[in-house]
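Single-letter residue listing:
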Amino acid sequence: MKILNDLFYSKFHEWIKFDGESAVVGLTDYAQSALGDIVFVNLPEIGDEVGVDGSFADVESVKAVSDIYTPVGGRVSAINEELLDAPEKINQDAYDAWLVKFDKITEKGELLSAEEYKAFVESIQEEA
Amino acid sequence: MLVFEKSREGRGTSFLPICDVPEVLPSPQFQRKLPLQLPEIAETDLNRHYSELGEKAYGVNHGAYPLGSCTMKYNPKINEEMAGLSGFSEIHPLQTEETVQGCLEVMNLLEKYLCEITGMTHFTMQPGAGAHGELTGLLMMKAYHQKHGDTKRTKIIVPDSAHGTNPASATMAGFETITVPSNKDGGVDVEKLKEAVGSDTAGLMLTNPNTLGLFDKNILEITEIIHNCGGINYYDGANLNAIMGIARPGDMGFDVIHVNLHKTFSTPHGGGGPGSGPVGCKKFLSEFLPSVRSEEKDGRFRLVKAASSIGEMKSFYGNFLIVVRALTYLMTMGKEGVLQASENAVLNANYMLQKLKDLYTPAYNKTCMHEFVLSLEKLKKETGVSALDIAKGMIDKGIHPPTMYFPLIVHEALMFEPTETESKETMDDMIEILRDLYEEAHTTPEQFHSAPISTPVARLNEVEAARNPILKYDWPNEKGDI
Amino acid sequence: MGSYVPSTDLERREMLSTFGLHSVKELFEDIPQQVRLKEELCLPKGMSELEVRRNMMGLANKNKVFTSIFRGAGSYRHFIPAIVKSVISKESLLTAYTPYQPELSQGILQSIFEYQTMICDLTGMDASNASVYDGATAAAESIMMCQERKRSKVFISKTVNPFVLETVHTYCYGKKIELIIVPEKNGVTDISFIEKKIDSSTACVYIQQPNFYGSFEDGEKIGELAHNAGAKYIMGVNPISLGIAKTPREYGADIAVGEGQPLGIPLSFGGPYLGFMATVDSMKRKLPGRIVGQTKDSNGKIGYVLTLQAREQHIRREKSSSNICSNEALCALAAGAYLSAMGKKGLREVAVQSMSKADYLAERLSELGYKLVNKEEFFNEFVTESPKPVSEVMLLLESKGILGGYPLRGENEGNILWCCTEMNSKKDIDELIAILQEV
């Protein structure tokens, strides 16, 4: 399982990379592996306002659909349209396949460091 | 091979006489320029084409079909023959009432019988299937609340074991779904239900026996909780086959209900439809029924529309020929027959459960109704063989698998519904096959991953099908020739 | 009597003994006494097959089967080749469930894939689903496909089939969607009304081509208006007309829907029929219900599966845009067999004959004073005035075994909607005219 050091993480298994007032959000490697082969991604519209822990997108596997929640609130300023045609990119490299960009972050939820996220994932794996 | 790949220019059968009036064509601006590509095929080859497709399908005629929640009982042949009578199949839906008295009597009789079996006052035959019935019932509930100025009732309560159609129908009817969890016995968690209800509750949707094959003992308390807060109880009739002649939804406190003629009342599924989902209700909801009903007065039948009807749910009066089949079935069965059907459905399910539960873990270890759910979680942990693998293994042994991975609250679920029309030998065969598969899962687990091997195709790549959908055949060139 | 239960009393006792019970009644202990039926159901006793047959045939005989039919209005009597009935009677196709186990269901899945291809071929569209209940629910579902957060308003023409209009109305009531009915002008859609009222909150515009009165609408113009406002364009069509008439694709429609009953399905007193739906590639994931896709098996062999399932109710539950589960697969099978049997030449011939006979009938009727109301070109249906009270005319025809045109209601009260198909021979039409002359 891959966890990159320079990113923040959420307990819903998203990664966040901040750049001043804006941020990029994607799914973690753990999430893509748990979801299995992703066959489609429903992304929000540019301009949508999302609150902390709000569902802003979902990913489909063959027989399941999973909501994606964001640990930050803000306005969606870009979506990764490449994923609409090639959702498998999330499975190939989850940290390269960003989902949305937010400009003007309005609020932040609970964010974990790489180390904390690693411990969190290990605790879930033990439970299972 | 697809029918299009069998097409050859110039072939085909001519079915029509030459046009005996002057030929008229649309003016050019209304004519199609896109070439039409339909196949050109000799009748011999077309007939063989469909025979081949028939050989690559599995129906109730082949053998047991223990799909839980689907009630795949035998489809009596007399039903088909009656539906094929020209006095039913050649009747235009917009003929005058005087010329369709037989059709109206069919609708009237089936309504009476369904009312008696379910404890309802009236039924509409219009809904096209179970899910369509759900939407119909929910819209009636909405109209009722609105008529009483109760516009704040926007929530429908659904247990977590419910069919996916329940919450989906609630959304279509403009309601918000509130999910209540099941208790440890598989029934509705009554305490949680009490917390969930309030002045915003429009109603409850419930299947009883539920999708775990269990009858909810607290049913009267549950329906009363909803009534006391001003809500309406909707009964999903998917599992009615367990209780005909034994208990009635109307007596359990349900106010509106759909039944599936293509499950309980023996009409064939046709590879996915047509079904028919008549909706019944208590008197206080009758004024909201959609479409028209057939009423009798002095031996004449006429079509009557309800006073505050929600309108039309589809064209005409429902899937009438399915109604004919169901009526034929009920005439054959009679009061003693429907009771016998339910008793034997429940007996058969319990017999299979009893003979399997030492190896496979029942989701709930108690007497079941017409179906039961096994959890293969333990088997999967021990051997790596999943519910899906066992299902595919069953195919190689010549039987149709049960429902897989439903209800969602049971892990590695396999849901069996043998129905009353399977004999003890057939069930004994199924039991033996399942016991063999359990053994094989422990001795040769690897063989399961390539199952099935006896079918025209092996396991199919569903990921690729969803990522890059190919939803139609593309002709090699514009003219459609090969 | 007949109960289709194979178990004998002895076998029942044997089965009960495996769990130490003596009576089947003991299995129902979980059902509280208060809700148990105390008496047997008040239904007739079961009957033998011979008695059932007599009863049902008696009911069928109380209906009048017309051999000469000039009524359509949403339900059409076309010729059905014998092979169609033979195909849908094949037991393994008739008695199969929804193809959840693809390896066991390639026959069903392939037949749906072929049906989807033929619906796309007819309409010019890119993707079709496996069917919905009927043409009216197909219309309602197509409108739901166009709902977006900022666009929900729906324009639907008054000239669509009344059942379609009413069904759409009911579905919109559920979802609280604003439905605007575009008035008719000279028997076609009043385009100027759309022009004035359409705006950026409009989700879609729905018209029927040919419309309920049989007339061809200005399909291009309406499509342009919809698209200029950023709305979707939906066209309801008679599939037979597409043997010759311009396709929804050529009119620029985003979604094509319709009643598939004319494709090999008998009148059946209104059902079961077949709702077909097809759309452009960019909207394929918005289609409701089952969709079959082609893929390969683990050995590289071509096969078919239900696909794009994550749209559907069994996965998406309350977030699904449709609740449909059971569809009309057997009717879709009939349509596929019908279109394959007729072929491209056959379907064109049906369309041309239907139109030609309607034209001939309209002319003969107008000679008798049944003045043609349609101002625009029509396909196989048209409206006339009636020089005599409509009910009198219909009763007379009925007494001669003829089902006359459909008496229109509301604003068109007193007018008759006539229909012809290839089934109406010139002799039948001349006979109708001769009878009407007597009045």
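Parameters at a glance
- Residues numbered from 1 in each chain as written.
- Chains lettered and ligands numbered in written order.
- Predicted model: local features only at pLDDT ≥ 70, side-chain atom pairs only at ≥ 80, totals over all residues.
- Helix = DSSP H or I, 4+ residues; strand = E, 2+ residues; numbered from the N terminus.
- Buried ≥ 20, exposed ≤ 12 C-beta atoms within 10 Å, placed from the backbone.
- Contact = placed C-beta atoms within 7 Å.
- Nonpolar A, V, L, I, M, F, W, Y, C, P; charged D, E, K, R; others polar.
- Core = buried A, V, L, I, M, F, W, Y, C linked by C-beta atoms within 7 Å.
- Domains from an automatic or database assignment.
- Expected span 1.5 Å × (residues − 1).
- Pairing = 2+ DSSP bridges.
- Axes fitted to C-alpha atoms, helices over the stretch in contact; angles between N-to-C directions.

Novice: Quick one: what's the story with the overall build of chain C, residue by residue and with numbers?
Specialist: Within chain C, the regular secondary structure consists of 14 helices and 16 strands. Here chain C, with 439 residues, has 62% of them falling under the buried criterion. Within chain C, counting contacts between residues at least 6 apart in sequence, those at least 24 apart form 73% of the total.

Novice: Give a detailed account of the interface of chain C and chain B, specifying residues and quantitative values.
Specialist: Contacts between the two partners involve 171 residues from chain C and, on the opposite side, 166 residues from chain B. Ranked by the residues each element gives to the side of chain C that touches chain B, the list is headed by helix α12 (residues 329-367) of chain C, at 23 residues. For the side of chain C that touches chain B, a count of residues per class yields 75 nonpolar, 54 polar and 42 charged.

Novice: Can you lay out the nonpolar core for me, pointing to particular residues and giving the numbers?
Specialist: Judged by nonpolar contacts, the single largest core of 327 residues is most densely connected at Met140 and Val323 of chain B together with Cys204, Val205 and Tyr206 of chain C. Ranked by residue count, the leading element in this core is helix α10 (residues 320-356) of chain B, at 22 residues.

Novice: Hey, could you go over the domain arrangement of chain C for me, with residue numbers and the actual values?
Specialist: All names here are of chain C. Structurally, chain C comprises domain 1 (68-78 + 344-438) and domain 2 (82-337). Placing a centre on the C-alpha atoms of domain 1 and another on those of domain 2 gives a separation of 28 Å. At the junction of the two partners, domain 1 supplies 23 residues and domain 2 supplies 20 residues. Going through the elements one at a time, α12 and β13 (381-384) are the ones with two or more residues in the side of domain 1 that touches domain 2. Ranked by the residues each element gives to the side of domain 1 that touches domain 2, the list is headed by α12, at six residues.

Novice: Give me the lowdown on helix α7 (residues 162-175) of chain C, citing residues and values where you can.
Specialist: Helix length check: α7 of chain C (14 residues) gives 20 Å between terminal C-alpha atoms against 20 Å at 1.5 Å per residue, within 8%. Taken as a whole, α7 of chain C has its buried residues at Phe163, Val164, Leu165, Glu166, Thr167, Val168, Thr170, Tyr171 and Gly174 of chain C. Tucked into the core, α7 of chain C has its buried residues touching α5 (130-147) and α6 (165-172) of chain B together with α6 (135-145), β3 (153-157), β4 (179-182) and β8 (232-237) of chain C. Positive phi shows up at Lys176 of chain C, right after α7 of chain C, with a value of about 55°.

Novice: Could you give an account of the sheet that holds strand β10 (residues 275-279) of chain C, with specific residues and numbers?
Specialist: Residue and element names in this part refer to chain C. The seven strands are arranged β2-β10-β9-β8-β7-β3-β4 in an open sheet whose pairing can be described as mixed. In this open sheet, the two edge strands, each paired with only one partner strand, are β2 (127-128) and β4. Those strands touched by α6 are β3, β7 (202-209), β8, β9 (255-259) and β10, and its axis lies near 160° from that of β9.

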